[in-house]
Every structure is written in C-alpha cells, then in structure tokens.
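Fold and geometry: a report
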Amino acid sequence: MPRADEKTLLKFIKFAPISIVLLFSLVVTYIVITGNVNKVRYEIESTRSNFITSQKELIRSEVNRVYNQIAFEKSRSLDALKGSIQERIYEAHAIATEIYKSNQDKAPDVVIEIIKNALRTIRFNNGRGYFFVYDMQGKNILHPILPHLEGKDLWGYQDVKGAYVVQDMGRISKQQGEGFYTWWWVKPQNKKEQFEKVGFGKYFEPYDWFIGTGEYVVDFENDIKERLLESFNNIRFGKNGYIFVIDQSGKILAHYNQDYLGTNKLELKDTNGFEIVKEAIQVAQEGEGYIQYVDPLMPSTGRPAEKISFVKEVAEWDWVVGSGTYISEIENYLAEKRAVIESDNAAQVVKISTAGFVIAIILIMLSISLSRGIERRFHKYRSRIEKDFTDLESARDQLRYMAHHDALTDLPNRSLLLDRVQQGLYQSQSCKTKLAVLFLDLDDFKKVNDLYGHHIGDELLVEIANRLSQVVDEGDSVSRFGGDEFVFSFPLINSLAEAEQKVERIIEAFKAKFVIQGKEIYSTCSIGISLFPDDAQVAEELFAKADIALYKSKALQKGCFLFFNDELNRKVKRDLLIESALRSALKRNEFTLVYQPQISSPGEQVVGVEVLLRWNHSELGAVSPLEFIPIAEDIGAIVSIGYHVLEEACRFMGGLIQQTDNPIKLSVNLSPKQLTDNDFCDRVLAILDQTGFPGKHLTLEITENLFISDVAKCSAILETLRQHEISISLDDFGTGYSSLSYINQLPINEIKIDRAFICQLIESPQSQSLVKTILAIAQACEMNVVAEGVETRQQHQKLIDMGCAIHQGYYFYQPMPSSELSHILLNGPATQPA
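The text that follows walks through the structure, step by step, so that each part is easy to find. As the structure is a computational prediction, the values presented were derived from the model and not from experiment.

What follows concerns unusual backbone geometry. Following F532, the chain continues to P533 via a peptide bond in cis, the omega torsion being 5°. Counting through the fold element by element, P533 comes out in the loop between β17 (525-532) and α12 (539-556). Even without glycine at this site, D410 takes up a positive phi of about 65°.

Structure, rendered in structure tokens:
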C-alpha cells in the first residue's frame, strides 16, 4: 500500500469512528421514533391474524377429535357387537352346563325344562337380546320372542336372502364348537319386516343342541350413536366452546342448550338473513370448512354474537359436526394486547434513546483511544495478517475435506453421503424417478484381520474402496460408514431392474482376487437395498431399511443381495422379539421337553427316544424350533439351553429306565456352538454324574456341518465321549456334505436317514436307491441306522424289506410329554399302528 494511502487510512481510522457514532445516534433516534407507529400497527395486525388462526385451528382440532372418535366407534361397532353376544352365549352355555351337571339324577325332560326356564326370561342389549335353542335336526327347543315356534322343525327355514339360517348356524356350531353367522330376522316390535342380524352359536353336547343369540346391526349402531351424542352434549372448552351435531334435515342432535335438542333448525337465519344451518350443511357436504354468521345465543352473555364455526360431515350417518369461536372474544383479547404493545413500545423508545446517548459518548471515547493504538500496530500486523489469512484459508479447506471424507479410504463419509442423498432425493422427486440406497458389508472380514493383522485389513479396505469407486457412474456416490461397511446412493434410476444391474456390477468387482503385500485374498460381500419412494421418503429411513435388508441378506446367505420389503421388516422385528424373549426364556422356565420313541422293526418295540425342545412364550405363543433355534445360536444362548435339555432329559430318563428292563437309549441333539465350548466334555460328563444316567444309554446327535471346519478337533472331542460309552449319531445324513471320509475318521456309531428321503421312498426310485446305499454304507461300517419321518405303513414295510431295523415317525408316535412316555414304557401302548 502506498504511504500516502496509509496516511489517509490512518486519518480515516482516527476521525471516522467519531463521525460514525454521532451519525449513528441521530439515525437510530429517528428510526426508533418514526418506526414506532408502524411497528405497533404491524404487531397488532400480526397478533390479530395469529390469534384468529389459532382460534380457528382450536375449533378445527376439537371437531376433528370428535370426528375421529365417531370414526373409531363406528369402525369397532361390529367387533363390539360380536364380543357382546359371544360373551352372552358363554354365560348361557355355562348356565345350561351347570344345570345339566347339577341334575344328573333327574329325567332328561325335566332337566331340559329347567334349562329352558332359566334361559327364557334373560334379556340384554336394552331388552332386545334373548337366547334361542335348536337341536341338530332343526327343531326349535326355545324361542322366548316367538314361542309358537317351539317344537317346530325349522331346518328348512330360509331368510329373505335365501340363507338356511338354522342349518348353517347348526353346522358351524357343531363343526367348530362355536361361531358367528349373519341372517335376516324380524324384530320383536316389528314382526312384519326383516332386518340384518349378527348371531353367535355354541354347541351344547349333552343334548346335541346349539344355543344362540343375535343382535340387529342397526339397533347396536343406534346405541352407539345415542351414547356418542350424549357425550357430545357435555363437551366444553374455553369460556364459550361447545360441540354441536345436526343431521342433513336440520335436526339438532347434540348441543349445549338442552332446549335445542330434537328441534329442526333448517330454516334458522341470523340477523343479516344468513341461513345458518343450510349453509353449514352445504359446506360440510363438500367435506369440511368454515362459516361466519351471527349466533342467536352466546353462552356467556345470552345475547346474539358474531361467530366463526368449523363444520365437517360424517357421511355414513348423515351428520354434520361443528364447533365455533366468537368474534367478540377475539376483539377483547386484541384490545388487551394492543394496550400492552403500545405501552411496551413507548417504554422501549425511552430506553433506546437513553442507551443510544450513553453508548455514543462511550464509543467516542473508546474510538479516540483505540485509533491511536491501531495506528501504532497497523504496520506491524499488516504482513502477519496477510500470512494468517493464507494459512487460514488452507486450513479451512483441509478441515472441510477431512470433515466429509473417510481418513483411511478417502471416500465420502456419512455426513457427505447424507447431503448427496438429500440432493438425490430432490432430483428423483423432481424427475419422478427412483433412488436406491445400498448397504454393503464385507463377509468374514474379521477373519482377514485375525489371520493377517489389522494393517492388511486396512490395505484391503483401501483396495476395495478403489474398486468400488470405479464401478459407480457419474452422479452416483459411494461412501464408507466405518468398519467394513460401505454405502451407495443411486439417484435417478427408472426401475428395479436398473438397480439390480448396478448391484451386479458391484458384486462382479469382488470376483477378482486382491493382492495385498504379496498375499492373495478373496473377499465377498452381502448387500441390502432400499428404494425411494417405494420404501421410504427420507434419507434416514432409507438407511435404516437398507440396513435391515443387509442384516437379513447375511442371515440367509453370504455373498447375496436383498431388496427391502414389508415382509422382511416384519420378519426382522419378530426375530428381535424372539431374541429378546430368548435371553430370559430359560430363567422363566418357558421351555418344555417332548419325546419321540424309536421303534425296532419287526417287533415294534420301543428301543430309544429322541428328546425335542418346545418353547411357549406368554406373548409370542408357541414358537417353532425352526424359528428360535437359529436365533439362539446367533446370540450364544443355545449353549446354556443345550445343557439344560441334556440335564433335564437325563434326569427324567434316568429314573425311567430303572423301572423297566428294556435298555432304552436317549438321543439328544447337539448344536455346533456346544461342541466348540471348551468345557463341553467336562459338562456332559458332569451332567451324567449328577443325574446318575448311564453313558451307555446316551446318544448325542450331530449334523455333518458340525465338523466340516475342523475334523481333527471334533474327532478328539467325540473320541473322549466314546471312551465313556456315549454313542455318536450322524443326524440328517445325506442332506449336507456327506463326505465318506468323515465317517471313516470320526467315531460314529449310528446314522440317521433324513426324512427328506423317507417321505419320497414309495414314489421315487432314486430315493429308494439312496436309502439302500446308506444302509449298505452303515452295514459295511458296522453302524446302526435310524429312519426318521416314517409316517405310513407302506414306508414302514418298505424299510423293513430293505433291512432298516429302527424307525421313528408319526406312523408310530408323535412327540409326547414325559408323562405319556412313562405310561407307554411302563404299561405298553394303548393301540398299535394300523
């Protein structure tokens, strides 16, 4: 900067602040004084507008609340009707049952009369409800309203719709034990016309009857209307707020003024000739809206007053529901507010003027002092300021970049991707296209870190990020969310197929090997995808639903992709509920054990039982093992559950085998998680010792994938168990890897043929060949064979012909509780299979 310019600048710094302060004080004073009037006017108008809007919204919300209450009551009317008559029939059935049980010493005719007399006089639903009784041949036993029908055969009676009322209701009651039915029937007070009626009947076995009742739909709905209108009469809010209801003819159905109820006000006009009721009905018929008029009677004053009302139509019932606010209340509020605003503004002018003067003096003094200091330091800091500005801009750019990019892979991070997704949503919405959010998670990435170290894992992430960056198109985005998770955004896609093409390109990128520091690494990924607008409208919901799809994709099969859908969402939520409940199921004693016998053939003697686990939760109900066992394995709960099953089964069977001479074997399924438990052998032997159950009577069932990863380790564990006379059974043989080398290497005593082969044994020559092969392998290896899933006599005989000696399945016994198994083993079966 030239010296002359610097001197000019210093003079400006010295005198300009004083001049500016003086000018500022004058300008501020002028603005405050001249602007005060406009400010007051604006605040008053703004207050008026806001208050009117708030009052209109208040009455609108009150009307909508009433409207929603009406809709709710109407929607549940049929369910409420059904629940009411069902409860009554349960009471009648209980009365008839009690009378029947209490009068066993009397003749049936006498007991029947007692039951009829007990039910005949009972009325409910405001006197409309009664009980009727028919036998299963259609004869009327009881009809309190039409007693002349008693004793008559009404099996062929049809209502006006052609339905066989007695036949259909009798069939439903007997086949299902109870049930609902709809027909048309006369009313007690109008026997010339028939009305729709919903009934409920329950079968009464002692006399081959069904006891029924019904209620007219129109009467039950009228009860609901009367109850609602009575409650609306008592609604009050504010000083003058109330709810009114009129029908399409102008009749007042609900009003705070009881004198108006039941009167017709269709021709009602205000002092200006405005047809109040007609206009309200017309506006409501268009859906909803506001009307303004002079109300003949303001509750707080008893005099006419101008009013704004909001009305809404209840189309199904031909009702108009409304509420209003009075203009005088608004004006009273505004008058009070105007006085407060004017007073506040006047005080504010005085404060600002005084403060402005004081501040001006202080600023002038400070300006003189500061300008001298600035002059001395100006030259010193000029060069430093220029350098600092350069460094600051560089640091700002670097920080901005770091804040939006992943430090390891240099990809956009969650924050930047969220911005891009928001932009993509706007673009897709404007162009009426789709946007896909894709969550990608590396499969078994932890194994890479454990095997090679985290530095190799980090380099692998960098290489993967480079490949993923190359497969995305212009306008698409890929980011790293942390760990081994990557997220993509694909805006402006036109179809699901286009999204699938992009996913296929990503999966294709993983097919080639990664070479990291001379090590060849192959990696796969699992992917979950959500779509806008199909699955969600905002970014966070799209992220959440893509994450759900990813979770399920990894659970189903690694290396695949899955699109989000509602069923998937429901399944994940149910899995979470099951997971939560499983953590305390053992402590709550919710598990039960059932047993399925294994039969020797021929001879059909019980030689063994397989213990099976059942779970009945108080809220989830009976949960299938196919559903909860995989979840228990995922969360690690299967180990404690497995030991619980083993201990309870050994304790029960230990006591049972002491009472019988038959050397029955107990089969218990093992989870892969149990076999990898370091204390597995010790725990099993400890349970045998505690329960006194002999090891020679115990068979542990394992599946083929249990030892696929480490045959040597599994072999050592199983050999330890064999040394204690515990048998090992290979379950579901033929459905997994089925390597014959495993049979040769592992100490297996028994093979179980999977039910998949047995169910097709008769029809499929291929299944027959496979079963024969399995039997031949077992015979060659001196192993026992158990055939699972035997459900027919033909399967049973075929297996005998093939030389299979032990059978298990529904043809003999279904899984049964311990008490039933005890009875069978100690007393013999009640019947033999046909």
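Taken in spatial order, the 5 strands make up an open sheet running β2-β1-β5-β4-β3, and their pairing is antiparallel. Strand pairing shows two members of the sheet lacking a second neighbour, β2 (140-142) and β3 (178-187), which therefore form its edges. Neighbour-to-neighbour, the strand axes of the sheet open up by a mean angle of 35°, direction not taken into account. With 4 bridges connecting them, strand β1 (residues 132-135) and strand β5 (residues 209-216) associate as antiparallel partners. Bridge pairing in β5 links V133 to I211. Taken strand by strand, helix α4 (residues 165-176) contacts β1, β3, β4 (190-204) and β5, and its axis lies near 160° from that of β3. Running at roughly 50° to β5, helix α5 (residues 217-233) makes contact with β3, β4 and β5 of the sheet.

A separate point is the packing of helix α15 (residues 638-657) against helix α23 (residues 818-827). Running from amino to carboxyl end, α15 crosses α23 at an angle of 20°, the nearest separation of the two axes being 11 Å. With respect to their mutual orientation, α15 and α23 come out roughly parallel. Relative to α23, the crossing made by α15 is right-handed. In contact with F652, M653 and L656 of α15, α23 contributes S818, L821, S822, L825 and L826.

Relative to the helices and strands, H807 resides in strand β27 (residues 806-807). On the accessibility criterion, H807 (0% relative accessible area) is buried. There is a polar contact of 3.5 Å between the side chain of H807 and the side chain of S601. Side-chain polar atoms of H807 contact the side chain of H796, separated by 2.8 Å. With near-sequence residues (within four places) excluded, H807 lies in contact with P597, Q598, I599, S601, A787, V790, H796, L799, I800 and F812.

The rules behind each value
Residues numbered from 1 in each chain as written. Predicted model: local features only at pLDDT ≥ 70, side-chain atom pairs only at ≥ 80, totals over all residues. Heavy atoms only, no water. Helix = DSSP H or I, 4+ residues; strand = E, 2+ residues; numbered from the N terminus. Pairing = 2+ DSSP bridges. Axes fitted to C-alpha atoms, helices over the stretch in contact; angles between N-to-C directions. Contact = heavy atoms within 4.5 Å. Parallel < 35°, antiparallel > 145°, perpendicular 65-115°, else oblique. Left-handed = near helix turned anticlockwise from the far one by under 90°. Buried < 20%, exposed > 50% of the residue type's maximum accessible area, 1.4 Å probe, protein only. Polar contact = N/O pair within 3.5 Å; in protein donor to acceptor, adjacent residues only side chain to side chain.

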